[in-house]
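# Results of the structural survey
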Amino acid sequence: MEEKGVSTWNALILGLAMNGFVKESLATFSEMKECSIVPNEITFLAVLGACRHMGLVEEGRRHFDAMSRKHGIEPTIKHYGCMVDLLGRAGKLTEAEELIANMPVPPDVSTWGALLGACKKHGDNVMGERVGRKLVDLQPEHDGFHVLLSNIYASKGSWDNVHEIRGMMRQHGVIKTPGCSMIEVKGTIHEFLAGDKTHPQSEDIEKMLDDMAKKLKMEGYAPDTREVLLDIDEEDKETTLFRHSEKIAIAFGLLTIDAPTPIRIMKNLRICNDCHMAAKLISRAYDREIVVRDRHRFHHFKQGSCSCLDYW
């Protein structure tokens, strides 16, 4: 390009980070400054997002401090939210909560939500319950906060509390957003929900899912039943896990998209741990590249590994 404006650089920094190219993303930021392009607040959202995608806590702190000290840009609630998410993902939950308490602007629900997600990720049920209760009170119509708090209780086996939260959801008319995965084949978008058997090729998809299950066991796959936080036995949990929407979409992709074309899937929610592990192993077992775009980033699965390096 003859003229590279700040928005051009921002798009490149953010796009690289979302696809797992964090080093290249941060190198692009350095190159941008060398070209005498002045970064703006969106640039720093992209840079902090890059650090967040790979857990680069110290580098994130450095860029966050440089915003006001070097560039005269006062951090907004979104920048603080990025820092809370960065600290939380890295397991620094107390520091993340202290940052929220000391912010010069009132925290929004997204910032508290980042901390709640980190509590779930790192198993801090005490802080998670406290933050979750606060969020449910702040935004009683938000399905995600109810579900996360319910999952925290379920992971402890506190089924009475789970039923209480589910009752609150019914009381407020809150409906959990169902997991949905989309895949494009020959110009047509195919959409799958968890446990979906409505597709015209559902019989073939079921056969492929059975074949995937066999190959996954040969690859050493063991279902992560912690993801199914229902009071049911382990065998039922395994069946529930293997009918997640992204696994169904992958099965359909294997049936309808010839190699070496990548199988590209869009997911409306964050990919779960079990589907992430399964997708890595499927990419190796079938020698296929699988790309899943969830609500946070792109995951490129190839030969048993993912571009996120298992940090997402």
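Residues numbered from 1 in each chain as written. Predicted model: local features only at pLDDT ≥ 70, side-chain atom pairs only at ≥ 80, totals over all residues. Heavy atoms only, no water.

The next thing to look at is the overall build of the chain. The helix and strand inventory of the chain stands at 14 helices and six strands. For 312 residues, the compact-globule estimate of 2.2 N^0.38 gives 20 Å, and the C-alpha radius of gyration of the chain, at 21 Å, lies within 12% of that figure. C-alpha extents for the chain along the principal axes are approximately 60 × 55 × 35 Å. In the chain, buried positions account for 47% of the 312 residues. Pairs at least 24 apart in sequence give 62% of the contacts found in the chain among residues at least 6 apart. In the form shown here, the chain has an accessible surface area of approximately 15900 Å², with 52% of it arising from carbon and sulfur atoms. In the chain, 40 side chains carry a positive charge and 46 a negative one; their mean positions are 2 Å apart. (Helix = DSSP H or I, 4+ residues; strand = E, 2+ residues; numbered from the N terminus. Rg over C-alpha atoms; globule rule 2.2 N^0.38 Å. Buried < 20%, exposed > 50% of the residue type's maximum accessible area, 1.4 Å probe, protein only. Contact = heavy atoms within 4.5 Å. Areas by Shrake-Rupley, 256 points an atom, 1.4 Å probe, with all protein chains shown as cover. Lys, Arg positive; Asp, Glu negative; His and termini not counted. Charge placed at Lys NZ, Arg CZ, Asp CG, Glu CD.)

A few words now on the pattern of salt bridges. Taken as a whole, this structure holds twelve salt bridges when the rule is applied. Where Lys-267 meets Glu-246, a salt bridge forms, and the shortest distance between an N and an O atom there is 3.0 Å. Of the two residues, Lys-267 is situated in strand 3 (residues 263-267) and Glu-246 in helix 13 (residues 245-256); the sequence distance between them amounts to 21 residues. Glu-246 carries the same exposure label as Lys-267, and that label is buried. For the salt bridge of Asp-274 with Lys-247, the shortest nitrogen-to-oxygen distance reads 2.7 Å. Within this pair, whereas Asp-274 is found in helix 14 (residues 273-285), its partner Lys-247 is found in helix 13, the two being separated by 27 residues in sequence. Taking the relative accessible area as the measure of exposure, Asp-274 reaches 1% and is therefore buried. (Salt bridge = Lys/Arg side-chain N within 4 Å of Asp/Glu carboxyl O.)

Glancing now at the nonpolar core. Of all hydrophobic cores here, the largest spans 40 residues; its most connected members are Val-84, Leu-115 and Val-131. Sequence-distant contacts of Leu-115, that is, excluding residues within four places in its chain, are made with Val-84, Leu-93, Ala-96, Glu-97, Ile-100, Met-127 and Val-131. Ranked by size, the runner-up nonpolar core spans 33 residues in total, among them Leu-216, Ile-257, Tyr-286 and Cys-308. (Core = buried A, V, L, I, M, F, W, Y, C linked by side-chain atoms within 4.5 Å.)

Moving on, we get to the packing of helix 1 (residues 6-18) against helix 2 (residues 22-34). For the pair helix 1 and helix 2, the least separation of the axes is 7 Å and the interaxial angle reads 160°. Considering the angle they form, helix 1 stands roughly antiparallel to helix 2. You can see that helix 1 and helix 2 cross each other, and the crossing is left-handed. Contacts between helix 1 and helix 2 involve Val-6, Trp-9, Asn-10, Leu-12, Ile-13, Leu-16 and Ala-17 on the former and, on the latter, Val-22, Glu-24, Ser-25, Thr-28, Phe-29, Glu-31 and Met-32. Grouping the amino acids of the contact of helix 1 with helix 2 by side-chain chemistry returns nine nonpolar, three polar and two charged. (Axes fitted to C-alpha atoms, helices over the stretch in contact; angles between N-to-C directions. Parallel < 35°, antiparallel > 145°, perpendicular 65-115°, else oblique. Left-handed = near helix turned anticlockwise from the far one by under 90°. Nonpolar A, V, L, I, M, F, W, Y, C, P; charged D, E, K, R; others polar.)

This next bit is on the environment of Arg-295. The residue Arg-295 is located in the loop between strand 4 (290-293) and strand 5 (298-302) in this model. The exposure class assigned to Arg-295 is exposed, which follows from its relative accessible area of 54%. Separated by 26 residues in the primary sequence, Arg-295 and Leu-269 place their C-alpha atoms 5.2 Å from one another.

Quick look at the UniProt feature "repeat: PPR" (unreviewed entry) in the chain now. The sites that carry the UniProt feature "repeat: PPR" (unreviewed entry) are, in the present numbering, residues 5-39. For residues 5-39, helix accounts for 74% and strand for 0%, while the C-alpha atoms at its two ends are 10 Å apart. (UniProt positions renumbered as here; feature names shortened; annotations may be inferred.)

On to the state of the cysteines. One pass over the structure, following the stated rule, counts zero disulfides. Unpaired in terms of disulfides, Cys-51 finds its nearest cysteine sulfur in Cys-82, a separation of 9.6 Å. For Cys-51, a relative accessible area of 0% gives the class buried. Of the cysteine sulfurs around Cys-272, a residue in no disulfide, the closest is that of Cys-275, at 3.6 Å. (Disulfide = S-S within 2.5 Å.)

Taken as a whole, this structure holds three aromatic pairs when the rule is applied. Its end group placed over the ring of Trp-112, Lys-134 keeps NZ or CZ at 4.9 Å from the ring centre. Taking NZ or CZ as reference, Lys-215 lies 4.3 Å from the ring centre of Tyr-286, over its face. (Phe/Tyr/Trp six-rings, centres within 6.5 Å; stacked < 30°, edge-to-face > 60°. Lys NZ or Arg CZ within 6 Å of the ring centre and 35° of its normal.)

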